Amino acid sequence: MIVLIINGAPQVGKDTFINLLSKITEKEIVAYSSIDWVKNTARQIFGWNGTKDTKSRQMLSDLKDLAIKWDDIPFKCVCTRIGLSLKASIDYFCTNIREPSEIQKLCDWCKT
């Protein structure tokens, strides 16, 4: 399985890239962002409706910071998804991670 770490500002085509990769390679791809757990938790706990205004973006950022400090949850979720994808013989796993330290941590983890 190939793990691709995708980094980029909002609305630059990260999802479009994943869709094109799937179309061109005709391979199965799993996409899971390091922020997916945070977004799902924000919906369940805070009733967040998916709006990405200034206040919501700050809440998501603060929640991610807290989850990282408490038990590195976003990173662990990405690693779990990679493991599940590997067991399912998925061809490509794509993850969106913005923070350089988190990118490096995942690169190091994938080497082991």
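Preceding block: the structure.
Okay, so let's go over this structure. (Residues numbered from 1 in each chain as written. Predicted model: local features only at pLDDT ≥ 70, side-chain atom pairs only at ≥ 80, totals over all residues. Heavy atoms only, no water.)

Examining the sheet that holds strand E3 (residues 92-96)
At step 1: Spatially, E1-E3-E2 is the arrangement adopted by the 3 strands of the open sheet, whose pairing is parallel. Two strands close off the open sheet at either side, each with one partner strand: strand E1 (2-6) and strand E2 (29-31). Neighbour-to-neighbour, the strand axes of this sheet turn through a mean angle of 20°, independent of strand direction.
At step 2: Sheet topology note: the E2/E3 ladder contains 3 bridges and is parallel. Each residue of the ladder has a partner; that of Val-30, found in E3, is Phe-93.
At step 3: Against the sheet, helix H4 (residues 73-87) contacts E1, E2 and E3, and its axis sits at roughly 170° relative to E3. (Pairing = 2+ DSSP bridges. Helix = DSSP H or I, 4+ residues; strand = E, 2+ residues; numbered from the N terminus. Axes fitted to C-alpha atoms, helices over the stretch in contact; angles between N-to-C directions. Contact = heavy atoms within 4.5 Å.)

Some points on the packing of aromatic side chains
At step 1: Inspection of the entire model under this criterion finds 0 aromatic pairs.
At step 2: Here the guanidinium or amino end of Lys-105 rests over the ring plane of Phe-75, the centre of that ring lying 4.7 Å away. (Phe/Tyr/Trp six-rings, centres within 6.5 Å; stacked < 30°, edge-to-face > 60°. Lys NZ or Arg CZ within 6 Å of the ring centre and 35° of its normal.)

Focus: the nonpolar core
A general trend in soluble globular proteins is that nonpolar side chains are found buried together.
At step 1: If you look at the biggest cluster of nonpolar residues, it comprises 12 residues: Tyr-32, Ala-67, Ile-73, Phe-75, Cys-77, Val-78, Cys-79, Ile-82, Phe-93, Ile-97, Ile-103 and Leu-106.
At step 2: Those elements that place two or more of their residues in this core are H4 and helix H5 (100-111).
At step 3: For this core, the element with the highest residue contribution is H4, accounting for 6 residues.
At step 4: Residues within four places of Leu-106 in sequence aside, it is in contact with Ile-5, Phe-75, Val-78, Cys-79, Ile-82, Thr-95 and Ile-97.
At step 5: Ile-6, Leu-21, Ile-29 and Tyr-92 belong to the second-largest nonpolar core, a separate cluster that totals 6 residues. (Core = buried A, V, L, I, M, F, W, Y, C linked by side-chain atoms within 4.5 Å. Buried < 20%, exposed > 50% of the residue type's maximum accessible area, 1.4 Å probe, protein only.)

Things to note about the packing of H4 against H5
At step 1: Closest axis-to-axis distance for the H4/H5 pair is 11 Å, and the angle between their directions is 35°. Of the two elements, H4 crosses H5, and the hand of that crossing is right-handed. Counting all contacts with H4, which are made through Phe-75, Val-78, Cys-79 and Ile-82, the residues of H5 involved are Glu-102, Lys-105, Leu-106, Trp-109 and Cys-110.
At step 2: Considered class by class, the residues forming the contact of H4 with H5 number 7 nonpolar, no polar and 2 charged. (Left-handed = near helix turned anticlockwise from the far one by under 90°. Nonpolar A, V, L, I, M, F, W, Y, C, P; charged D, E, K, R; others polar.)

Quick notes on the packing of helix H3 (residues 54-71) against H4
At step 1: One way to put it is that H3 packs onto H4 with a least axis distance of 6 Å and a crossing angle of 80°. Taken together, the axes of H3 and H4 lie roughly perpendicular to each other. Here H3 contributes Lys-64, Ala-67, Ile-68, Trp-70 and Asp-71 to the contact with H4, which in turn contributes Ile-73, Pro-74 and Lys-76. (Parallel < 35°, antiparallel > 145°, perpendicular 65-115°, else oblique.)

Observations concerning helix H2 (residues 36-46)
At step 1: Looking at H2, one finds that the buried residues are Val-38, Lys-39, Thr-41 and Ala-42. All buried residues of H2 lie within an arc of 165° about the axis, which places them on one face of the element.
At step 2: Looking at the buried residues of H2, the elements they touch are H3 and H4.
At step 3: Once H2 finishes, Gly-47 follows within two positions and takes phi at roughly 70°, a positive value. (Arc of directions from axis to C-beta.)

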